[in-house]
Amino acid sequence: GEDVEQSLFLSVREGDSSVINCTYTDSSSTYLYWYKQEPGAGLQLLTYIFSNMDMKQDQRLTVLLNKKDKHLSLRIADTQTGDSAIYFCADTRGTASKLTFGTGTRLQVTL
Amino acid sequence: DVKVTQSSRYLVKRTGEKVFLECVQDMDHENMFWYRQDPGLGLRLIYFSYDVKMKEKGDIPEGYSVSREKKERFSLILESASTNQTSMYLCASSFTGYEQYFGPGTRLTVT
């Protein structure tokens, strides 16, 4: 099947930048999403990027898309303890309604 | 604000019981989804529905069924619960072509 892969864990110091990586296999994806899940909660949309874009910036968040390598990354500048969460990337499959999620990356922010 | 609610945050059931998980959304979304979330596996799609009384199997439908009698409500049914169905269950809804909004999740334990 078509997979979306992420590393499982990332630890950064408060104030540093975090980079969370994701690889996907379906080149027909139209949108790619980043969701955040805080402890005990559902998923919350952080940001998304359309497949014809290379980069999108939204305050402390920067999304980079390398279509050739099918690689997506999320950079969080000036990481804070409140950024500690699980981050999921997801791509669309054919119809823009179904998403396939990665395994999630648990971001731990240390003081 | 979009609101997706799930009937229970925590549920404990015995092996062989029939289990109903309810999800309600208040944004008139046509699409609704049921996922299960397990550590290291990310979110896996169980079923989704793109209209009232319409449903499609996701990646892991075995052991589950769904019901959508009204647009705002999507139910997940475990006909005979088993211990390997212990998991976090997440419901989501969306307009076609737009991001999914998630409920807070139901943590189901089957003993």
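Above: the structure in question.
Here we summarise the structure given alongside this text.

Rules used in this analysis
Residues numbered from 1 in each chain as written. Chains lettered and ligands numbered in written order. Predicted model: local features only at pLDDT ≥ 70, side-chain atom pairs only at ≥ 80, totals over all residues. Heavy atoms only, no water. Helix = DSSP H or I, 4+ residues; strand = E, 2+ residues; numbered from the N terminus. Rg over C-alpha atoms; globule rule 2.2 N^0.38 Å. Buried < 20%, exposed > 50% of the residue type's maximum accessible area, 1.4 Å probe, protein only. Contact = heavy atoms within 4.5 Å. 1 Å grid on protein atoms, 1.4 Å probe; cavity = no way out; pocket = protein on both sides within 12 Å on 5 of 7 lines; lining within 4 Å. Points joined across faces, edges and corners; volume = space filled by probe spheres on them. Nonpolar A, V, L, I, M, F, W, Y, C, P; charged D, E, K, R; others polar. Buried area = accessible area lost by both parts, 1.4 Å probe. Salt bridge = Lys/Arg side-chain N within 4 Å of Asp/Glu carboxyl O. Polar contact = N/O pair within 3.5 Å; in protein donor to acceptor, adjacent residues only side chain to side chain. Pairing = 2+ DSSP bridges. Axes fitted to C-alpha atoms, helices over the stretch in contact; angles between N-to-C directions.

Observations concerning the overall build of chain A
Reasoning step 1: Counting its secondary structure elements, chain A contains zero helices and 11 strands.
Reasoning step 2: Reading chain A from its N end, one meets helices and strands in the order β-β-β-β-β-β-β-β-β-β-β.
Reasoning step 3: Relative to its length of 111 residues, chain A is compact, with a C-alpha radius of gyration of 13 Å against a globular reference of 13 Å.
Reasoning step 4: Over its C-alpha atoms, taken along the principal directions, chain A stretches across nearly 40 × 30 × 20 Å.
Reasoning step 5: In chain A, which comprises 111 residues, the share counted as buried stands at 44%.
Reasoning step 6: Of all intrachain contacts in chain A linking residues separated by at least 6 positions in sequence, the fraction that spans at least 24 positions is 55%.

Focus: the layout of surface pockets
Reasoning step 1: The space that makes up the largest pocket amounts to roughly 470 Å³.
Reasoning step 2: Lining the largest pocket are 25 residues; nearest its centre among them are Gln37(A), Ile86(A), Arg106(A), Gln37(B) and Pro39(B).
Reasoning step 3: Those elements giving two or more residues to the lining of the largest pocket turn out to be β9 (85-93) and β11 (105-110) of chain A together with β4 (31-38) and β9 (87-94) of chain B.
Reasoning step 4: Sort the elements by how many residues they give to the lining of the largest pocket and β11(A) lands first, with four residues.
Reasoning step 5: Of the residues assigned to the lining of the largest pocket, the class counts are nine nonpolar, 12 polar and four charged.

Observations regarding the interface of chain A and chain B
It is common to give the size of an interface as the accessible area that goes away when the parts come together.
Reasoning step 1: In this assembly, 18 residues from chain A lie in contact with 20 residues from chain B.
Reasoning step 2: It is Ser97(A), Lys98(A) and Phe101(A) that lose the most area in chain A upon contact with chain B, and together they represent 32% of the buried surface on that side.
Reasoning step 3: Scanning the region where chain A abuts chain B turns up zero salt bridges.
Reasoning step 4: The interface formed by chain A and chain B holds three residue pairs in polar contact (both at pLDDT 80 or more) in total.
Reasoning step 5: Where the side of chain A that touches chain B is concerned, the elements lending two or more residues are β4 (31-37), β5 (43-50) and β10 (95-101) of chain A.
Reasoning step 6: The leading source of residues in the side of chain A that touches chain B is β10(A), at five residues.
Reasoning step 7: Residue composition of the side of chain A that touches chain B, grouped by class: 11 nonpolar, six polar and one charged.

Let's talk about the side chain of Gln37(A)
Reasoning step 1: By secondary structure assignment, the location of Gln37(A) is in strand β4.
Reasoning step 2: The exposure class assigned to Gln37(A) is buried, which follows from its relative accessible area of 7%.
Reasoning step 3: A polar contact of 2.9 Å, which involves the side chain of Gln37(A), links it to the backbone oxygen of Ala41(A).
Reasoning step 4: Excluding its chain neighbours within four sequence positions, the residues that come into contact with Gln37(A) are Gly42(A), Leu43(A), Ala85(A), Ile86(A), Phe88(A), Gln37(B) and Leu90(B).

A word on the sheet that holds strand β1 (residues 4-6) of chain B
Residue and element names in this part refer to chain B.
Reasoning step 1: What the four strands build is an open sheet, ordered β1-β3-β8-β7; its pairing is antiparallel. Across the chains shown, the open sheet's two edge strands, defined by having one partner strand only, are β1 and β7 (64-70). Between one strand axis and the next, the sheet turns through 20° on average, direction left out of account.
Reasoning step 2: Bridge analysis of strand β3 (residues 19-25) against strand β8 (residues 73-78) gives six bridges, and the strand direction is antiparallel. Residue Leu21 lies in a different strand from β8, and its bridge partner there is Leu76.

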